[in-house]
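What the coordinates show
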Amino acid sequence: MNSYNKTEQKVAHIFSKFPKVKSSIKKPYQKLNYIRYKKNYNYRSDYPIKKISLSSKESFFGYYDKSPLNSTNEYIIFHNANMDTKNTPDPEIPLDIILYDVGNDNYEIVGSTYTYNWQQGAKLMWIDHYKFIYNDFDRERKKYISKIYDLKSKKTRIIDYPIYDCFGEKYAISLNFERLNITRADYSYRNLGLNINWNDNSNDGLFYIDLKNNTSKVILSIEDIIKFNPKKSMQDAKHKFNHIMISPDGTKIMFIHRWFLNNGRRFDSLYVCNVDGSNIKLIANDDMVSHCFWYDNSRIFGYLRDKITGNKYYMININSGGKEEVGIGKIDLYGDGHPHIHNNKIVFDTYPDKARMKNLFLYDYENDELKKLGEFFESFAFYNETRCDLHPRFSFDGKNVFFDSVHEGKRALYQINMEQ
């Protein structure tokens with residue numbers, strides 16, 4: 001196994017307290033390992049893999065929590081890049097929004113956006129069988145907006161606010177995208193620059209967007225959370241919310257509160273609340289929360305820290321607060337990743353190992369069975385903000401897995417049919 005061992009992970013944890021030092025030694029160490037462990041292939045999988053892309057341009061979908069394929073299995077949506085994605089996003093160069101008609105094998109450009117990043121794109125997502133939404137920037141009004149495209153009528157409706165996650169066409173939850181660029185721009189937008197009053201945490205936080213009436217209101221402020229769970233490290237820190245996910249039944253929201261010291265050191269806590277911001281629950285509070293997913297309406301699966309049992313995947317009951325270690329001796333061998341869940345199946349990826357291979361796995365939670373779907377190379381040309389995590393996602397019916405990859409030297413969206 002070419003994964004980083006427990007000792008290396010512990011050393012990395014120690015250096016996380018000194019972000020600048022960690023940043024200076026991380027890449028050289030990774031390059032030394034690559035020279036030793038590199039493989040003579042750029043991907044390997046026992047499954048047929050289909051590339052989804054328009055012409056020779058680079059393509060990708062975005063984050064791991066949504067399906068590119070609609071619920072009727074007729075259409076796939078994705079981003080097409082008009083620039084080399086080894087470079088950081090340029091707010092003057094738009095992404096194309098592509099609609100792929102699966103049955104007719106036909107690609108169509110149905111929109112564009114100047115508001116995006118390489119990790120999450122423009123938050124492109126389906127909100128019903130034949131409608132999808134994505135973020136954009138209104139240059140005249142100088143504000144972030146979102147657009148709903150109806151592929152049946154071929155009409156676009158403007159929402160005067162950006163979205164982060166949606167519950168159908170009923171409502172969205174959003175946040176301040178400028179705040180996401182505290183130490184890195186991985187998830188932020190560049191159209192307005194960085195003009196944040198970091199001392200004002202009372203008028204910023206989670207926003208409820210009524211998609212029918214095109215209105216917005218703050219439902220939970222950053223100041224509310226600081227007062228709910230005050231810590232000494234929060235004093236004089238810069239704060240943000242991130243990684244919002246709405247529960248399957250649409251009644252609750254999970255989100256991460258992150259705060260940063262002047263030296264860049266990061267702290268995390270995971271929360272759940274009702275969609276109106278009430279009934280706040282602190283779910284994880286041991287300083288590190290990474291990637292999570294709703295397993296059902298009462299349980300969250302995620303990679304996070306427990307100060308006693310360590311960093312690994314846990315299943316958390318949001319009602320009882322109970323926390324269960326998952327996949328002991330199996331999935332915990334691979335460290336952090338991005339999980340997407342369909343019924344009892346969990347598809348997740350890994351970060352590049354010593355050979356710069358990212359692994360794609362399928363885990364059966366009920367039967368504790370792990371299956372490898374493939375491994376995919378990522379060169380050092382894609383690194384930090386321009387990296388390409390696999391971000392695997394199930395289709396709505398669980399029969400397909402989609403992922404982004406750069407194993408062919410360019411960013412592209414790929415599909416695995418699990419029934420073949």
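Computed from a predicted model, the values in this text were never measured in an experiment.

1. Topic: the overall build of the protein chain
Along the protein chain, the regular secondary structure elements total three helices and 29 strands. Each of the three principal axes of the protein chain carries a C-alpha extent, and together these read 55 × 50 × 40 Å. The 420 residues of the protein chain split such that 56% are buried. For the protein chain, restricting intrachain contacts to residue pairs at least 6 apart in sequence, the fraction spanning at least 24 positions comes to 51%. Approximately 17,800 Å² of the protein chain is accessible, and the part contributed by carbon and sulfur atoms is 47%. Positive and negative side-chain charges of the protein chain, numbering 61 and 53 respectively, have mean locations separated by a distance of 5 Å.

2. Focus on the packing of aromatic side chains
According to the stated counting rule, one finds 32 aromatic pairs in the structure shown. Following the ring pairs from residue to residue traces out a cluster consisting of F301, Y303, Y313, Y334, F348 and F361. In this structure, K217 is placed above the aromatic ring of Y208, and the distance from its NZ or CZ to the ring centre is 5.8 Å. The residue whose ring lies beneath R356 is F380, and the NZ or CZ to ring-centre distance is 4.3 Å.

3. Quick notes on the side chain of H291
Checked against the element boundaries, H291 lands in strand β19 (residues 289–294). Using a relative accessible area of 4% as the deciding quantity, one classes H291 as buried. A distance of 3.2 Å separates the side chain of H291 from the side chain of D336, its partner in a polar contact. Polar contacts involving the side chain of H291 include one to the main-chain carbonyl oxygen of G337, which spans 3.0 Å.

4. Focus: the sheet that holds strand β18 (residues 281–287)
With respect to topology, four strands assemble into an open sheet ordered β15-β16-β17-β18, the strand pairing being antiparallel. On the outer flanks of this sheet lie β15 (238–246) and β18, each paired with one strand and no other. The sheet shows a mean angle of 20° between the axes of neighbouring strands, direction not considered. Where strand β17 (residues 266–274) meets β18, four bridges bridge the pair, whose relative direction is antiparallel. Looking at the pairing, L270 lines up with A284 of β18.

Definitions and limits used
- Residues numbered from 1 in each chain as written.
- Predicted model: local features only at pLDDT ≥ 70, side-chain atom pairs only at ≥ 80, totals over all residues.
- Heavy atoms only, no water.
- Helix = DSSP H or I, 4+ residues; strand = E, 2+ residues; numbered from the N terminus.
- Buried < 20%, exposed > 50% of the residue type's maximum accessible area, 1.4 Å probe, protein only.
- Contact = heavy atoms within 4.5 Å.
- Areas by Shrake-Rupley, 256 points an atom, 1.4 Å probe, with all protein chains shown as cover.
- Lys, Arg positive; Asp, Glu negative; His and termini not counted.
- Charge placed at Lys NZ, Arg CZ, Asp CG, Glu CD.
- Phe/Tyr/Trp six-rings, centres within 6.5 Å; stacked < 30°, edge-to-face > 60°.
- Lys NZ or Arg CZ within 6 Å of the ring centre and 35° of its normal.
- Polar contact = N/O pair within 3.5 Å; in protein donor to acceptor, adjacent residues only side chain to side chain.
- Pairing = 2+ DSSP bridges.
- Axes fitted to C-alpha atoms, helices over the stretch in contact; angles between N-to-C directions.

Structural measurements only, silent on function.
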